[in-house]
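The chain contents come next:
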Amino acid sequence: MAQRLLACTGCHGKDGRAASDGYYPRIAGKPAGYLFRQLRAFRDGQRPYALMSHLLAPLDDAYLQEIANHFATLKLPYAPPPPSRADAATLKRGQALTQQGDAARDIPACQACHGTTLTGMGANVPGLLGLPVDYLNAQLGAWRTGARRAEAPDCMAQIAHRLSPQDVNALAHWLAAQPVPAQPVTEAPGPAPMRCGSMEGPP
Amino acid sequence: MTRLLAGLAALLLALAAAVWWLNVRGDGDLSVTPSDGNDPTLIERGAYLARAGNCQDCHTPRGAAPYSGGRGIPTPFGTVYSSNLTPDAQTGIGAWTAAEFRRALHNGRSRDGRLLYPAFPYDSYTRISAEDADALFAFLRSLPAVARPNRPHALRFPYDTQLALAIWRALYFQPGRFAPQAAQSAAWNRGAYLVQGLGHCSACHARRNALGAMRDPAALAGGLIPLQNWYAPGLAGQPTPAVAALLQRGVSDSVALLGPMAEVVLHSTQHLRPPDLSAMAMHLQSLPGAEAPRNRADTPTSAQLKRGAGIYEDRCALCHGDDGQGRSRAYVPLAGNRAVLRDPAANLVQVVLGGAFPASTAGNPRPFGMPPFATELSDEDVAAVLSYIRNAWGNRAAAVQPLDVQRWRSSVRP
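Residues numbered from 1 in each chain as written. Chains lettered and ligands numbered in written order. Predicted model: local features only at pLDDT ≥ 70, side-chain atom pairs only at ≥ 80, totals over all residues. Heavy atoms only, no water.

Q: What is the right way to look at the interface of chain A and chain B in this model?
A: You'll often see interface size given as the accessible area lost when the parts meet. Listed per partner, the contact involves 23 residues of chain A and 28 residues of chain B. Remark: the boundary between chain A and chain B carries 1 salt bridge. When the shortest N-O distance is used, the salt bridge between E66(A) and R366(B) registers 2.6 Å. On inspection of chain A and its partner chain B, the count reaches 9 residue pairs in polar contact (both at pLDDT 80 or more). Elements with a contribution of two residues or more to the side of chain A that touches chain B: helix 1 (6-12), helix 3 (50-56) and helix 4 (61-72) of chain A. When the residues that make up the side of chain A that touches chain B are grouped by side-chain class, the tally is 12 nonpolar, 6 polar and 5 charged. (Contact = heavy atoms within 4.5 Å. Salt bridge = Lys/Arg side-chain N within 4 Å of Asp/Glu carboxyl O. Polar contact = N/O pair within 3.5 Å; in protein donor to acceptor, adjacent residues only side chain to side chain. Helix = DSSP H or I, 4+ residues; strand = E, 2+ residues; numbered from the N terminus. Nonpolar A, V, L, I, M, F, W, Y, C, P; charged D, E, K, R; others polar.)

Put into structure tokens, the structure is as follows:
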């Protein structure tokens, strides 16, 4: 399969463990359901990125699922995070939003869905660690503007609309600066705070 | 003076009458009621024919409900948006009769008589038999209705006027059903019917003039798809079994169908019955003429070749081999490959910039893909590596210029 998917690893790095250019995200070890939904969204235009969209256009769902399964099963070690360029106040704000959220603005903690160690849960919720700061910034920004969407109810879009640009920047910098734990916890501290279309039912 | 004016007026009237007549000739009798549209056999046949025509591809925006319309087709004259073909009474074809549907296919006119833009390839569909048109209509009527109003086209003046369209049609559109050639076999005629009619191969594979009209569409001599900038090669004279297998699997040992054609394989040709594919291939093989002779005047410089060789070794040789020999059933050979030597080299540029997968098909469910290099290689790099590939291992073809790469880099895909 790796040989068939050199088209992916050209940008996403060897075995899909992210490239050195600091933008293309790691795909190795992400949950299969999540990866499949992303591949399908790129192909079908819900996630706009021309390069991905054209590359995947001639592929059917069955192959997209196999591609997703292939990268999901690659459990590879993570490199330590690069030193953060952000100031202490920004990082503190990012940490607080991640771990506590902001009840006043109805923003749940990231951990509530992405797991206690932020390493993802189940087949549909991706981890948030081991990703480049530019990628995180771009994705949270895209959720805010509506350029990135998921199945209704689109929980990430709702949350992102409540975030300010400063929140997005703080979250991206703090998350990108965290090492990936050797022992991930695939449970949330409590029940899910809201309904998410992308976590329900068959993809 | 009065006589001159009267003469001019008479001439204009005569011209208007000619344009009018040329636009309504061939219109069928709208009062005809075709057979029962709810017949399941008819619907099934229509579903197959819709596959052969790849109707769904243009009539479905990415990710939307099938046949609900609204996909933009980029043309040099602006964007044409496909229409809703589901049986919704207000926004689709729910209120249409089978006779009105026949007239749309055969004569490019909407239910209200409005002239349709030939981005809807009625210059090919006019060849479709009345029975097949009715089967297609029955199939479309069996789909779930989707309420989605049609999006107005975004065409520039004067192309957005019905008058311009009427004149274009008077000049270039000739209605007429497919007429079998008695001297040819039934299979050849079936192939010609599918290629010239439903398959509308000429929409991409024929040359076009400045007004977008096809020149000698039946010859399928090859042409650059406007704005998308993929070159749809000439189809004459290829061996029948190889072409039939290629349309079914999407790849062979030496050829991979990529870009827009990979989508045609995914949605259309892989689903066609082998006898139909063979018939189409047989017709194509019989076409006279070969591709235009290659322009060899433009030889690459030694500096370009040296730069290209370095890039090839770093980025390409791992899969395509040190000698461009490729790898059987995975990576096509580049040495001696017609697609590599063809002019213009547009497809090579597209594949290097955007990467490519062939279609996933029953015969090739897990195709090997090529990575995109758009973010890594400059226009000069792409030109150099392609010029090298086109002149290594016995290959001999014109150099690719950075300007070509720059031009094709900004292509539009629907």
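Q: Hey, could you run me through a nonpolar patch on the surface in this one?
A: A contiguous nonpolar surface patch, about 800 Å² in accessible area, is contributed by M1(B), L4(B), L5(B), L8(B), L11(B), L12(B) and L15(B). Topologically, L11(B) is positioned in helix 1 (residues 2-24). (Patch = residues over 30% accessible without salt bridge, like charges linked within 9 Å, V, L, I, M, F, W, Y side chains within 5 Å. Areas by Shrake-Rupley, 256 points an atom, 1.4 Å probe, with all protein chains shown as cover.)

Q: Any chance you could explain the state of the cysteines here in plain terms?
A: Note on terminology: a disulfide is the covalent bond linking the sulfur atoms of two cysteines. As enumerated under the stated definition, the model contains 1 disulfide over all chains in all. In this model, C155(A) is linked to C196(A) through a disulfide, with the two sulfur atoms separated by 2.0 Å. In this structure the cystine formed by C155(A) and C196(A) twists about its S-S bond by roughly 115°; its chirality is therefore right-handed. Within this pair, whereas C155(A) is found in helix 8 (residues 155-161), its partner C196(A) is found in the segment after helix 9 (165-176), the two being separated by 41 residues in sequence. Counting only cysteine sulfurs, C204(B) is the nearest neighbor of C58(B), a cysteine outside any disulfide, at a range of 8.7 Å. C316(B) forms no disulfide, and the closest cysteine sulfur to it belongs to C319(B), at a distance of 9.1 Å. (Disulfide = S-S within 2.5 Å.)

Q: So what exactly am I meant to see when it comes to the sheet that holds strand 2 (residues 78-81) of chain B here?
A: Residues and elements named next belong to chain B. If you trace the 3 strands from one edge of the open sheet to the other, you get 1-2-3, paired in antiparallel fashion. Looking along the sheet, the strands with just one partner apiece sit at the ends: strand 1 (72-75) and strand 3 (154-155). Pairing analysis gives 2 bridges linking strand 2 to strand 3, with the strands arranged antiparallel. Counterpart to T79 in the pairing with strand 3 is A154. (Pairing = 2+ DSSP bridges.)

Q: Teacher, can you tell me more about the environment of A119(B) here?
A: Residues and elements named next belong to chain B. Following the sequence through the fold, A119 ends up in the loop between helix 4 (98-107) and helix 5 (122-125). Judged by relative accessible area, A119 falls into the partly exposed class, the value being 33%. For A119 and I73, which are 46 residues apart along the polypeptide, the C-alpha to C-alpha distance reads 7.4 Å. (Buried < 20%, exposed > 50% of the residue type's maximum accessible area, 1.4 Å probe, protein only.)

Q: In this structure, what is going on with the packing of aromatic side chains? I would like to understand it.
A: Given two aromatic rings, their pairing is described by the distance between the two centres and the angle made by the two planes. All names here are of chain B. Per the stated rule, a full pass over the model turns up 13 aromatic pairs over all chains. Both rings, one in Y312 and one in Y388, keep their centres 5.7 Å apart while their planes meet at 50°; by these two values the pair is tilted. Of this pair, Y312 sits in helix 13 (residues 302-320) while Y388 is found in helix 16 (residues 379-389), placing the two residues 76 residues apart along the sequence. We note that Y312, like Y388, is buried. An aromatic cluster is present here, built from F120, Y122, Y125 and F173 joined pairwise through their rings. (Phe/Tyr/Trp six-rings, centres within 6.5 Å; stacked < 30°, edge-to-face > 60°.)

The values are spatial; any link to function lies outside them.
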